Amino acid sequence: MSRIKPVILLQMMLVSATVWGQSAAVNVSGTIKDNISGEAIPFVNVQLKQQKDSSFVAGTISGDNGIFTIPDVSPGDYLLTASYIGFKQYSAPLFVGSNSEFIDLGAILLEEDIQELSEVVVTGKQEGVTGKMDKKTYQVEDNVSQSGGSVLQSMSNLPGITTQDGQVLLRGNNRVVVLIDGKQTAITGFGNQNGLDNIPASAVDRIEIINNPSAKFDANGNAGIINIIFKKEEQSGLNGKVGLTTGLGALWVRKENLPGIRPQYQATPKINPSLALNYRKKKINLFLQADNLYTETLNKNEFVTRTYTNGQVIDQQLKRNRNTNFFTSKAGIDWYISDHNILTVSGFFSRESIKDYGDQPFFSENTGENFRLWQFLEDEVLTAAMASVAYEHKFQQPGHKLNVGFNYTFDREDEKYFFTNNRTSFTTEESFFLIADQKVADFTFDYTRPLKHGLLETGFKFRRRTIPTDMQFNPSAENSVLDTGADGLATYEETIPAIYSNYTYEVKKLEAEIGLRIEYVDLNYAVDPNHNTYQSDGYDYLQPFPNARLTYKFDERHKMSLFFNRRVDRPDEVDIRIFPKYDDAEIIKVGNPALQPQFTTSFELGYRNAWNEGYFYGAAYHRISDGTITRIATSVDSTNLIYNITQNAGKSYNTGIEVVVSQLLSDKINVNLNLNGYYNQIDAFTVVNLYPIENTFTAVAQDMYSGNIKLNTNFKLAKSTEVQLTAIYLAPDIIPQGTIDSRFALDAGAKMTLQQGRGELFFNASDLLNTMVIRKTINSSNFNYTSSDYYETQVIRLGYSLKF
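Residues numbered from 1 in each chain as written. Predicted model: local features only at pLDDT ≥ 70, side-chain atom pairs only at ≥ 80, totals over all residues. Heavy atoms only, no water.

**Details of the pattern of salt bridges**
Inspection of the entire model under this criterion finds 37 salt bridges. The residue Glu586 makes a salt bridge to Arg372 at a minimum N-O spacing of 2.8 Å. Taken together, the positions of Glu586 in the loop between helix H3 (573–576) and strand E29 (587–590) and Arg372 in strand E21 (residues 370–394) put the pair 214 residues apart, joining distant regions of the chain. The residues Glu586 and Arg372 share a single accessibility class, namely buried. By sharing partners, the salt bridges in this structure join Glu506, Glu511, Glu513, Arg549, Lys553 and Lys559 into a single network. (Salt bridge = Lys/Arg side-chain N within 4 Å of Asp/Glu carboxyl O. Helix = DSSP H or I, 4+ residues; strand = E, 2+ residues; numbered from the N terminus. Buried < 20%, exposed > 50% of the residue type's maximum accessible area, 1.4 Å probe, protein only.)

Structure, rendered in structure tokens:
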């Protein structure tokens, strides 16, 4: 077992960077009616007053239909009064909570007789670390030390998030659903997350982290949901933003290559121009956003030592120089048909071109012999297009609405892989080609109704997803390493209808939320009948996914919440893809069509305490996962090849504590400290692998204490200049069959506001000390290996943006 070292904590206390912003605004509405006739009464004077001294806060007059609305009300205790000539004045205590941004008081009856009126309860919504403690919201522009990078780099500095192998982890767990503007897309993945390291942060307005999603969200993703909100303006006339970011990475060689291979990338260039336009006139709003991110990176530089029980020891290196060009664009139109009806039609297009130039030498540690050199070019183009139609009908009462949407996505994965296999006695040139076309249709129907004491949400979603895949191996005439009986065709078909309902209720001291999502899944994976190992498979289920929350409010600044959630992680298409992948010459990835879903039950207790110049947030959580999806590494023949095959590993557990403390030390210094400590446990398990030959693998139970620390500090040097320092420490952790060592990084950045707030200039450096190295140890029945990946983490950037 390993624990976070106190000395690291002391080092971390020297620096920091993430601001947890908060806002609260509630729309209070109701209908004034005559108590006898029931008719609406127009022109009634409605006022909101402070309960403690009856001072005026806000007021309005009811319309022709008797409806009134008081916008932008902060949570608190008030008096609501309504007065009109000929009627007795209405007066009632009014509590505005923090549970929904709209409330409907229903009918308020004016009458002549005096009647004792009961308390009225109104709910509201808070951003940032919400009063419900189910969501955290971060503005990307506030993350100065990662400005100009990718979304993945920007998220690496946020509390509760770590990054590993191009994915984000919430509280040490990578089973995260990533949304763009509230929708799953091909860019970030409909199953497993992907592509985050290539989405420009310049395209993003804010990021929401939802640890305990309600039934309104898809049941997939046991660790939670990350919602990436793209930038969009709605101001009148023509307005927008243009920007340009440049940078350099891999400033020096951290570890020299093994002999006989091409040089590592150094001083790798980055350039990211961006443009956002918006034009609003009367009932029409047009928007366009485009970004192009070009990068050269040392994507992988991993040194591995494999030790086998027969005494053989192999030293190897995998170096991958990568060129990436990622273009994204989003355009659409909002048509405000009337005050109550909005139609939005939008399109999203992206094209990602990746070229990897790789070298992988192999040496015998026993003899010093260089017995193999594997060199490759991986040429991959990922193209995605999404069309969306969204209709919203707003009923007369604010917040009462109906949303209907349809999204259709098509994306193509077109991969060509060419490699040269240099052995001491021969040289071969081979290749494989892969085309996978994903088609996804989503239909959604959502109904929202504010109530006097809360909010009701209900709806329906239907998804149809198909992915036909064609893998073609092109072997050499002799000495081929390709398994020519394992290519061919396969088709992934998924149908998911789901219904949900979610209800929140709030009174002065208590909040409650309960929801239920019922989901049916039918998955079929059709395998080419000529495949030498696998055959067609799939699964189906009808399952409930409940969620619940109970919050006790000591007062408006002190709250405690208890959460319960049940979620699922369905195997993605790449998890069950039957074709062996040779992007590593001797560690070969293969899917498993017999893979089953992973179900997770989670419990969490959260506490929030806010004061004038800061806040404290703490949470204790426990997750139990059954059918844990992971990859199992085995070596089953005399070739010493390692096969990494997806399997269900049985039960796993994640228990931990997360703490966030934010404090304004002065008008120039703000500090934010995030601590996340957890205990991971994986039960002993036994699995049967079918590829390349049937074999059984048994693993003993694993457990470890781990966690991470992030300290963020913002300095305001002048009115228009801000500096940010971020320090990150990741403790050792367990991974299936092994461990990952501790990691540390220091980021820094500065930005200056120019041109009366319209322009912004920034400079930053990621992994300033170049200390982030990924070290792993993997153990199997007849081998173990250790690896150290000195991939590119140090990047400096300079950028400028202008609003107009």
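What follows continues from the structure just given.
**A few points about the sheet that holds strand E14 (residues 204–210)**
Sheets are built from strands that pair by backbone hydrogen bonding, the pairs being arranged parallel or antiparallel. A sheet is described by the order of its strands in space; here 4 strands give the open sequence E10-E14-E15-E13, paired in mixed fashion. The sheet is open, and its two edges are formed by strand E10 (135–139) and strand E13 (176–180), each paired on a single side. Direction aside, neighbouring strands of the sheet carry axes that sit 15° apart on average. Sheet topology places E13 next to strand E15 (residues 224–230); 5 bridges connect them, and they run parallel. Bridge pairing in E15 links Val177 to Ile225. (Pairing = 2+ DSSP bridges. Axes fitted to C-alpha atoms, helices over the stretch in contact; angles between N-to-C directions.)

**Comments concerning the sheet that holds strand E32 (residues 629–634)**
Pairing is mixed in the open sheet, where 3 strands are placed in the order E29-E33-E32. Each edge of the open sheet carries a strand with a single partner, namely E29 and E32. Direction aside, neighbouring strands of the sheet carry axes that sit 30° apart on average. As defined by bridge partners, E32 adjoins strand E33 (residues 642–648) across 6 bridges and the pair is classed as antiparallel. Note that in E33 the partner of Ile632 across the bridge is Ile645.

**Topic: the side chain of Thr295**
Structurally, Thr295 can be placed in strand E18 (residues 284–308). Excluding anything up to four places from it in sequence, Thr295 contacts Pro269, Lys270, Arg322, Asn323 and Thr324. (Contact = heavy atoms within 4.5 Å.)

**As for the packing of aromatic side chains**
As enumerated under the stated definition, the model contains 27 aromatic pairs in all. Residues Tyr539 and Tyr541 carry aromatic rings whose centres are separated by 6.3 Å and whose planes lie at 0° to one another, so their mutual orientation is stacked. For Tyr541, a relative accessible area of 7% translates into the label buried. Ring geometry for Tyr679 and Tyr705: centres 4.8 Å apart, planes at 40°, overall tilted. Residue Tyr679 is located in strand E35 (residues 669–682), and its partner Tyr705 is located in strand E38 (residues 702–718); the two are separated by 26 residues in the primary sequence. By relative accessible area, Tyr705 is classed as partly exposed at 33%. These aromatic residues form a ring-pair network of at least three members: Trp374, Phe376, Tyr417, Phe419, Phe432, Phe473 and Tyr582. (Phe/Tyr/Trp six-rings, centres within 6.5 Å; stacked < 30°, edge-to-face > 60°.)

**Some words on the confidence of the model for the chain**
Mean pLDDT for the chain: 89, with 94% of residues reaching 70 or above. Scored below 50 in pLDDT, residues 114–128 shows 71 contacts in the model against residues more than four places distant or in partner chains. (pLDDT = per-residue confidence, 0-100.)

**Examining unusual backbone geometry**
Put simply, Tyr691 and Pro692 share a cis peptide bond, and its omega is -5°. The topology assignment puts Pro692 in the loop between strand E36 (685–689) and strand E37 (695–699). The residue Lys282 is not glycine, and still its phi comes out positive at about 55°. Tracing the backbone shows Lys282 in the loop between strand E17 (268–281) and E18.

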